[in-house]
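Structural features, examined
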Amino acid sequence: RRNFKGDWGAFSVAGMYRTLAGDDAENKLTHTSGYGITSGGKFPIGNRGDDIRLMGTYGKGLGRYVAANFITGAIIDEQNNMHSIQSLNGYLALNHYWIPSRLSSCFNVAVFQAFNRNEWEGLELNNDCYSASVNLKWTPLEQLLFGVEYMHAYRNKYGGANGSFDRLQFSAKYKFGHINKEVQEK
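What comes next concerns the included structure. Note that the structure is predicted; figures quoted are calculated from it, not measured. (Residues numbered from 1 in each chain as written. Predicted model: local features only at pLDDT ≥ 70, side-chain atom pairs only at ≥ 80, totals over all residues. Heavy atoms only, no water.)

The next point concerns the overall build of the protein. Looking only at helices and strands, the protein has 0 helices and 11 strands in total. Taking 2.2 N^0.38 as the reference for a compact globule, 186 residues should give roughly 16 Å; the C-alpha atoms of the protein span a radius of gyration of 21 Å, well beyond that estimate. Each of the three principal axes of the protein carries a C-alpha extent, and together these read 60 × 35 × 30 Å. Within the protein, the fraction of its 186 residues that count as buried is 33%. For the protein, the proportion of contacts with a sequence separation of at least 24, taken over those separated by at least 6, is 49%. Approximately 12200 Å² of the protein is accessible, and the part contributed by carbon and sulfur atoms is 55%. A distance of 10 Å separates the average location of the 20 positive side-chain charges in the protein from that of its 17 negative side-chain charges. (Helix = DSSP H or I, 4+ residues; strand = E, 2+ residues; numbered from the N terminus. Rg over C-alpha atoms; globule rule 2.2 N^0.38 Å. Buried < 20%, exposed > 50% of the residue type's maximum accessible area, 1.4 Å probe, protein only. Contact = heavy atoms within 4.5 Å. Areas by Shrake-Rupley, 256 points an atom, 1.4 Å probe, with all protein chains shown as cover. Lys, Arg positive; Asp, Glu negative; His and termini not counted. Charge placed at Lys NZ, Arg CZ, Asp CG, Glu CD.)

Here it is, written out as structure tokens:
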């Protein structure tokens, strides 16, 4: 991972390589490789604390490392060969302060696309999804935060099944303890 930071914001680029292994139907070890590259950043806009956040990831065999394990890293075919699955995902978010340090919202859009092969169609693998959300966060005291968020999400499986959901969630957070602001110690 390589990080870049300046008055313009923060940006990073990271890569990984991994080996996936498992037992096939005959209990013989089979394996394949996986790799990924990701890049993202946070860029301030205006002078109220607002920012834009973005991230994009592409790879093969990433599995659990992206999108909360939305797809498996690899699959074993009928000839007992393991194949890693390609994927592309990313998000874009705008964080806006209505009242600096007290009231803010974040608007988010995220997408995920797997590149499954035709012969895997009957396996009901996840193929693509997207989500959009908006929230409102209120900080009445420095150590207390309340929030409410609405999210809409959609999922499409490779075999054609699909579905969506809408969620409204509430949260509260209290920071216990004392923080020394001068040295950022707890």
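Centre-to-centre distance and the angle between the planes together describe a pair of aromatic rings. Taken as a whole and judged by the stated rule, the model has 8 aromatic pairs. Arranged with centres 6.5 Å apart and planes meeting at 35 degrees, the rings of Phe11 and Phe43 form a pair that is tilted. Here Phe11 is found in strand β2 (residues 9-23), whereas its partner Phe43 is found in strand β3 (residues 29-44), with 32 residues between them in sequence. For the pair Tyr174 and Phe176, a centre-to-centre distance of 4.7 Å together with 75 degrees between the ring planes defines the contact as edge-to-face. Pairwise contacts between aromatic rings join Phe4, Trp8, Phe11 and Phe43 into one cluster. (Phe/Tyr/Trp six-rings, centres within 6.5 Å; stacked < 30°, edge-to-face > 60°.)

With that settled, the discussion passes to the environment of Asn69. The residue Asn69 is located in the loop between β4 (51-60) and β5 (74-76) in this model. If sequence neighbours within four positions are ignored, Asn69 has contacts with Gly63 and Arg64. Reaching out from Asn69, the side chain makes a polar contact with the backbone nitrogen of Arg64 at a distance of 3.2 Å. (Polar contact = N/O pair within 3.5 Å; in protein donor to acceptor, adjacent residues only side chain to side chain.)

This part covers the environment of Tyr174. One can find Tyr174 in strand β11 (residues 162-174). Taking relative accessible area as the criterion, Tyr174 reaches 42% and is therefore assigned partly exposed. Taking the C-alpha atoms as reference points, Tyr174 and Leu141, 33 residues apart in sequence, are found 9.4 Å from one another. In contact with Tyr174, other than residues within four places in its own chain, are Gln143 and Leu144.

This brings us to the pattern of salt bridges. A complete count under the given rule lists 1 salt bridge for this structure. The salt bridge involving Asp51 is made with Arg53; its shortest N-O contact spans 2.7 Å. (Salt bridge = Lys/Arg side-chain N within 4 Å of Asp/Glu carboxyl O.)

Right, let's get into the state of the cysteines. Counted according to the given criterion, the structure contains 0 disulfides. Left without a disulfide partner, Cys106 is nearest to the cysteine sulfur of Cys129, which lies 18 Å away. Assessed through its relative accessible area of 9%, Cys106 is described here as buried. (Disulfide = S-S within 2.5 Å.)

For the rest of this paragraph, the subject is the sheet that holds strand β8 (residues 103-115). Spatially, 9 strands are ordered β1-β2-β3-β4-β7-β8-β9-β10-β11 in an open sheet, and the strand pairing comes out antiparallel. Two strands in the sheet have a free side with no partner beyond their single neighbour: β1 (2-6) and β11. Along the sheet, successive strands turn relative to each other by an average axial angle of 10 degrees, direction set aside. As judged from the 14 bridges shared by β2 and β3, these two strands associate in the antiparallel manner. Of the residues in β3, the one forming a bridge with Tyr17 is Tyr35. (Pairing = 2+ DSSP bridges. Axes fitted to C-alpha atoms, helices over the stretch in contact; angles between N-to-C directions.)

Relative to the helices and strands, Ser87 resides in strand β7 (residues 86-99). The contacts of Ser87, once residues within four sequence positions are left out, are Thr57, Tyr58, Gly59, Leu62, Val66, Ile71, Phe112, Gln113, Ala114 and Phe115.

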